[in-house]
Amino acid sequence: KNQVEQSPQSLIILEGKNCTLQCNYTVSPFSNLRWYKQDTGRGPVSLTIMTFSENTKSNGRYTATLDADTKQSSLHITASQLSDSASYICVVSAQAAGNKLTFGGGTRVLVKP
Amino acid sequence: GAGVSQSPSNKVTEKGKDVELRCDPISGHTALYWYRQSLGQGLEFLIYFQGNSAPDKSGLPSDRFSAERTGGSVSTLTIQRTQQEDSAVYLCASSRSTGSGANVLTFGAGSRLTVL
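Residues numbered from 1 in each chain as written. Chains lettered and ligands numbered in written order. Predicted model: local features only at pLDDT ≥ 70, side-chain atom pairs only at ≥ 80, totals over all residues. Heavy atoms only, no water.

Asker: Sorry if this is basic, but what is going on with the overall build of chain B here?
Answerer: Per the secondary structure count, chain B includes 0 helices and 11 strands. When the elements of chain B are put in sequence order from the N terminus, they spell out β-β-β-β-β-β-β-β-β-β-β. A principal-axis box enclosing the C-alpha atoms of chain B has dimensions of 40 × 30 × 25 Å. When burial is assessed residue by residue, chain B has 46% of its 116 residues classed as buried. Sequence-distant contacts in chain B: of pairs separated by 6 or more residues, those separated by 24 or more amount to 55%. Of the roughly 5,300 Å² that chain B leaves accessible, carbon and sulfur atoms contribute 44%. Both charge centroids of chain B, one from 11 positive and one from 10 negative side chains, sit 3 Å from each other. (Helix = DSSP H or I, 4+ residues; strand = E, 2+ residues; numbered from the N terminus. Buried < 20%, exposed > 50% of the residue type's maximum accessible area, 1.4 Å probe, protein only. Contact = heavy atoms within 4.5 Å. Areas by Shrake-Rupley, 256 points an atom, 1.4 Å probe, with all protein chains shown as cover. Lys, Arg positive; Asp, Glu negative; His and termini not counted. Charge placed at Lys NZ, Arg CZ, Asp CG, Glu CD.)

This is the structure:
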């Protein structure tokens, strides 16, 4: 069964600090992995999307890494801002699955001043 | 439109009533998806459309749930005889195409359903 596990479930960090979120998956055969940011009361918004051959991708202060061998990804937030408070969702797509995506449960990040 | 529009944004209904949720995808997006997100939980896949057809309905939780899409655009998710466990946020997303390529889903803001 395709699964995506995220950790931690939640974390609190001080403004200006860095943090790293983890995503482990068992989706096979792997197609791509995406990180989404979901603000409270809103739909998810795409941050990064990575295919098998990509190890690192950045989007401003967000940097995602992918290790396809160990089936792990991380999302690193640098110099956090209050607006980074949100849920971060890891989503993995399997090949030939009609683009049916497997969602992780998300990590809730709260940035405090 | 510029984004994915969903309506209503909030719906409160009594147990046993039917509800319809509407999704208006981004113009030109051929793929449309419905997901459900219960409080504090991850997203649960319900159904996706390629054009007007639904190749994958595997996520619909029961036969009380149905969805249709007409004209390759607007989609309606219908829940009949609602139950309290149907309470959730129903999210719609669209993308330019399906397949195993690196497509990005654009999500709507969701319809929050509360069944009393």
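Asker: Which parts of the structure should I look at to understand the packing of aromatic side chains?
Answerer: Each aromatic ring pair is characterised by the separation of its centres together with the angle its planes make. Scanning the model with the defined rule gives 9 aromatic pairs over all chains in all. Ring centres 6.3 Å apart and planes at 20° place the aromatic pair B:Y33 and B:Y35 in the stacked group. Judged on exposure class, the residue B:Y33 and its partner B:Y35 are both buried. Here the basic side chain of A:R61 rests over the ring of A:Y62, its NZ or CZ set 5.8 Å away from the ring centre. (Phe/Tyr/Trp six-rings, centres within 6.5 Å; stacked < 30°, edge-to-face > 60°. Lys NZ or Arg CZ within 6 Å of the ring centre and 35° of its normal.)

Asker: Before we go on, may I ask you to explain the pattern of salt bridges in this structure?
Answerer: Where charged atoms from two side chains of opposite charge come close, those side chains can pair. All told, the structure shown has 5 salt bridges over all chains when counted by the stated rule. The partner of A:E54 in a salt bridge is A:K57, and the shortest N-O contact between them spans 3.0 Å. Since its relative accessible area comes to 23%, A:E54 is described here as partly exposed. Between B:E44 and B:R36 there is a salt bridge whose closest N-O contact spans 3.1 Å. Given the relative accessible area of 31%, B:E44 is considered partly exposed. (Salt bridge = Lys/Arg side-chain N within 4 Å of Asp/Glu carboxyl O.)

Asker: I'm lost on the sheet that holds strand 1 (residues 5-7) of chain B in this one. Help?
Answerer: In any sheet, the strands associate via hydrogen bonds between backbone groups, in a parallel or an antiparallel arrangement. Residue and element names in this part refer to chain B. With respect to topology, 4 strands assemble into an open sheet ordered 1-3-8-7, the strand pairing being antiparallel. Bordering the open sheet on either side are strand 1 and strand 7 (65-69), each of which pairs with just one other strand. Strand-to-strand twist in this sheet, taken as the mean axis angle between neighbours without regard to direction, amounts to 15°. Of the pairings in the sheet, the one linking strand 3 (residues 19-24) to strand 8 (residues 75-79) comprises 5 bridges and is antiparallel in character. Note on strand 8: the bridge partner recorded for C23 is S75. (Pairing = 2+ DSSP bridges. Axes fitted to C-alpha atoms, helices over the stretch in contact; angles between N-to-C directions.)

Asker: Help me understand the layout of surface pockets in this model?
Answerer: A water-sized probe rolled over the atoms picks out the places where empty space is left. What the largest pocket holds in volume is close to 600 Å³. Looking at the largest pocket, it is lined by 32 residues, and the ones nearest its centre are A:Q38, A:G41, B:Q37, B:V89 and B:R112. Of all elements in the fold, only strand 9 (86-94) and strand 11 (107-112) of chain A together with strand 9 (88-95) and strand 11 (111-115) of chain B reach the threshold of two or more residues within the lining of the largest pocket. With 4 residues, the top contributor of residues to the lining of the largest pocket is strand 11 of chain B. Tallied by class, the residues present in the lining of the largest pocket amount to 8 nonpolar, 20 polar and 4 charged. (1 Å grid on protein atoms, 1.4 Å probe; cavity = no way out; pocket = protein on both sides within 12 Å on 5 of 7 lines; lining within 4 Å. Points joined across faces, edges and corners; volume = space filled by probe spheres on them. Nonpolar A, V, L, I, M, F, W, Y, C, P; charged D, E, K, R; others polar.)

Asker: Can you walk me through unusual backbone geometry in this structure?
Answerer: Leaving glycine out, the prevailing phi sign among residues is negative, and the prevailing peptide bond configuration is trans. All names here are of chain A. Residues S7 and P8 are joined by a peptide bond in cis, for which omega reads -10°. With respect to the helices and strands, the residue P8 is situated in the loop between strand 1 (4-7) and strand 2 (10-14). Of note, the amide linkage connecting S28 to P29 takes the cis form, showing an omega dihedral of -10°. Position of P29 among the secondary structure elements: in the loop between strand 3 (19-25) and strand 4 (30-38). For A79, which is not glycine, the phi torsion reads 50° and is therefore positive. For A79, the location among the structural elements is in the loop between strand 8 (72-77) and strand 9. Judged by its relative accessible area of 35%, A79 falls in the partly exposed class.

Asker: Would you explain the sheet that holds strand 6 (residues 56-59) of chain A in this entry?
Answerer: Residue and element names in this part refer to chain A. Taken together, 5 strands build an open sheet; the order of strands is 1-3-8-7-6 and the sheet is antiparallel. Each end of this open sheet is capped by a strand with a single partner; those strands are strand 1 and strand 6. Adjacent strand axes in the sheet meet at a mean angle of 15°, parallel and antiparallel pairs treated alike. Alignment of strand 3 against strand 8, held across 6 bridges, turns out to be antiparallel. Bridge pairing links L21 to L75 in strand 8.

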